[in-house]
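Each chain is listed here by its residues.
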Amino acid sequence: MSESYPAPAKLNLMLRVIDQRSDGYHELQTVFQFIDLADRLWFSSRPAGQFSRSGGPKGVAEADDLSIRAAQCLAEVGGVREGVHIRMEKILPMGGGIGGGSSDAATTLIVLNRLWRTGLSRAELMEIGTGLGADVPVFLFGRSAWAEGVGERLQALDALQESHYVLLHPQISVSTREIFTAPELTRHHVPITISAFLGGATENTLESVVCARYPEVHRSIRWLRDHGVRDVRLTGSGACVFGVVADAVAAQQVAALAPPPWRAWAVRGRNQHPLYDPAEQ
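Residues numbered from 1 in each chain as written. Predicted model: local features only at pLDDT ≥ 70, side-chain atom pairs only at ≥ 80, totals over all residues. Heavy atoms only, no water.

As named in an unreviewed UniProt entry, the protein is 4-(Cytidine 5'-diphospho)-2-C-methyl-D-erythritol kinase, taken from Acidithiobacillus ferruginosus.

What follows is the structure in structure tokens.
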């Protein structure tokens with residue numbers, strides 16, 4: 001367990017709900033970018049059939065943890081007769097809209113695929129990831145991406161600006177299910193193009209519903225704007241909000257001013273997952 005592996009957060013630089021399918025899932029358009037804020041995971045071998053975890057997300061049973069489920073799925077698909085213990089250092093908040101549990105699951109799949117030498121392709125890992133959660137595939141894809149469908153149809157956007165951001169968590173958890181089932185949610189927005197996004201169409205169409213139901217999120221957006229942060233918006237279904245600043249120093253200065261119990265981080269966008277290996281197809 002000497003080596004640790006990162007499970008980075010993501011931001012949704014844009015998110016639009018385009019339609020609702022007959023199965024209840026929502027068709028989306030979104031843009032994912034990684035940031036340099038991450039959980040850390042350690043893996044140690046256990047006998048076949050033994051899957052355990054320590055330091056994981058509070059309130060989530062071991063059997064329900066996405067990382068444990070990811071390890072079990074990989075062992076089954078890969079015919080692996082070995083178990084694993086996963087030790088986690090959790091940094092990313094639950095219900096924050098930055099993909100903490102999904103990222104942990106993806107890192108588990110990437111690392112164990114290497115350690116167990118199962119030889120699954122990136123596409124095969126993404127297929128496993130899709131069954132675990134809508135955000136898992138992008139962490140396995142490993143590059144900033146334009147996403148459509150429920151988030152599984154991905155197109156690399158390697159040239160996105162790796163901006164400096166202030167990421168703010170108002171110390172509440174937002175229920176994704178609550179937001180997507182809210183009767184006041186507008187479920188039919190006109191699709192846009194990548195060019196329109198690059199031209200400044202960065203709206204998150206979940207934001208108004210989240211702000212109305214969670215006033216603390218609305219207050220955190222206003223707080224960032226009052227402190228000179230630009231392009232402030234919600235990521236995912238919240239509760240984290242973020243915005244652009246000029247450089248790392250400015251990000252650190254604003255983050256240091258966040259009133260308790262809020263938490264804030266100075267982060268930077270990254271267009272490549274830290275475990276991405278282009279040689280792995």
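That covers the picture; the talk isn't over yet.
Thoughts on the packing of helix α1 (residues 66–78) against helix α3 (residues 122–132)
Relative to each other, α1 and α3 sit at 135°, their axes nearing to 10 Å. Here α1 lies oblique to α3, going by the angle between them. Between α1 and α3 lies a crossing of right-handed hand. Residues L66, R69, A70, C73, L74 and V77 of α1 form the contact with α3, whose own contacting residues are L125, I128, G131 and L132. (Axes fitted to C-alpha atoms, helices over the stretch in contact; angles between N-to-C directions. Helix = DSSP H or I, 4+ residues; strand = E, 2+ residues; numbered from the N terminus. Parallel < 35°, antiparallel > 145°, perpendicular 65-115°, else oblique. Left-handed = near helix turned anticlockwise from the far one by under 90°. Contact = heavy atoms within 4.5 Å.)

A closer look at the environment of F34
Its location among the elements puts F34 in strand β2 (residues 26–46). The class of F34 is buried, set by a relative accessible area of 2%. C-alpha separation for the pair F34 and E184, spaced 150 residues apart in sequence, amounts to 30 Å. (Buried < 20%, exposed > 50% of the residue type's maximum accessible area, 1.4 Å probe, protein only.)

Quick word on the pattern of salt bridges
Enumeration according to the criterion identifies 15 salt bridges in this entry. Connected through shared salt-bridge partners, R21, D23 and E27 make up one network. (Salt bridge = Lys/Arg side-chain N within 4 Å of Asp/Glu carboxyl O.)

A short note on the packing of aromatic side chains
Geometry of an aromatic ring pair is reported as the spacing of the ring centres plus the angle between the planes. On inspection of all chains with the given rule, the structure shows 4 aromatic pairs. When the ring of Y165 is compared with that of F242, the centres are 5.5 Å apart and the planes differ by 85°; the resulting orientation is edge-to-face. Of this pair, Y165 sits in strand β7 (residues 164–169) while F242 sits in strand β9 (residues 241–245); the two residues are 77 residues apart in sequence, bridging distant segments of the chain. By the burial criterion, Y165 is buried, and F242 matches it. Between W223 and W262 the ring centres are 6.2 Å apart and the planes differ by 90°, which places this aromatic pair in the edge-to-face class. Placement of W223 in helix α8 (residues 215–226) and of W262 in the loop between α9 (248–256) and β10 (263–270) is noted, with a sequence separation of 39 residues between them. What makes W262 buried here is its relative accessible area of 12%. The ring of W42 carries R87 above its face, with NZ or CZ at 3.9 Å from the centroid. (Phe/Tyr/Trp six-rings, centres within 6.5 Å; stacked < 30°, edge-to-face > 60°. Lys NZ or Arg CZ within 6 Å of the ring centre and 35° of its normal.)

Here we look at the pairing of β10
As defined by bridge partners, β2 adjoins β10 across 2 bridges and the pair is classed as antiparallel. By the bridge assignment, F34 is partnered in β10 with R270. Two elements, β7 and β10, share 6 bridges in a ladder whose sense is antiparallel. Bridged to H169 within β10 is R263. (Pairing = 2+ DSSP bridges.)

Considering the side chain of N204
Checked against the element boundaries, N204 lands in the loop between α6 (194–198) and α7 (207–213). Among the polar contacts made by the side chain of N204, one reaches the main-chain carbonyl oxygen of L234 at a distance of 3.1 Å. With residues up to four places along the chain from it excluded, the contact list for N204 reads L15, L234, T235 and G236. (Polar contact = N/O pair within 3.5 Å; in protein donor to acceptor, adjacent residues only side chain to side chain.)

Focus: the pairing of β9
Within β9, 5 of the 5 residues are buried, which leaves it mostly tucked inside the rest of the structure. The sheet contact formed by β7 and β9 spans 5 bridges and is antiparallel. Looking at β9, one finds that L168 is bridged to V241. Bridging between strand β8 (residues 230–234) and β9 involves 3 bridges; their strand directions are antiparallel. Note that in β9 the partner of R230 across the bridge is V244. If you look at the hairpin formed by β8 and β9, you'll find 6 residues sitting between the two strands, and G236 has a positive phi there, around 60°.

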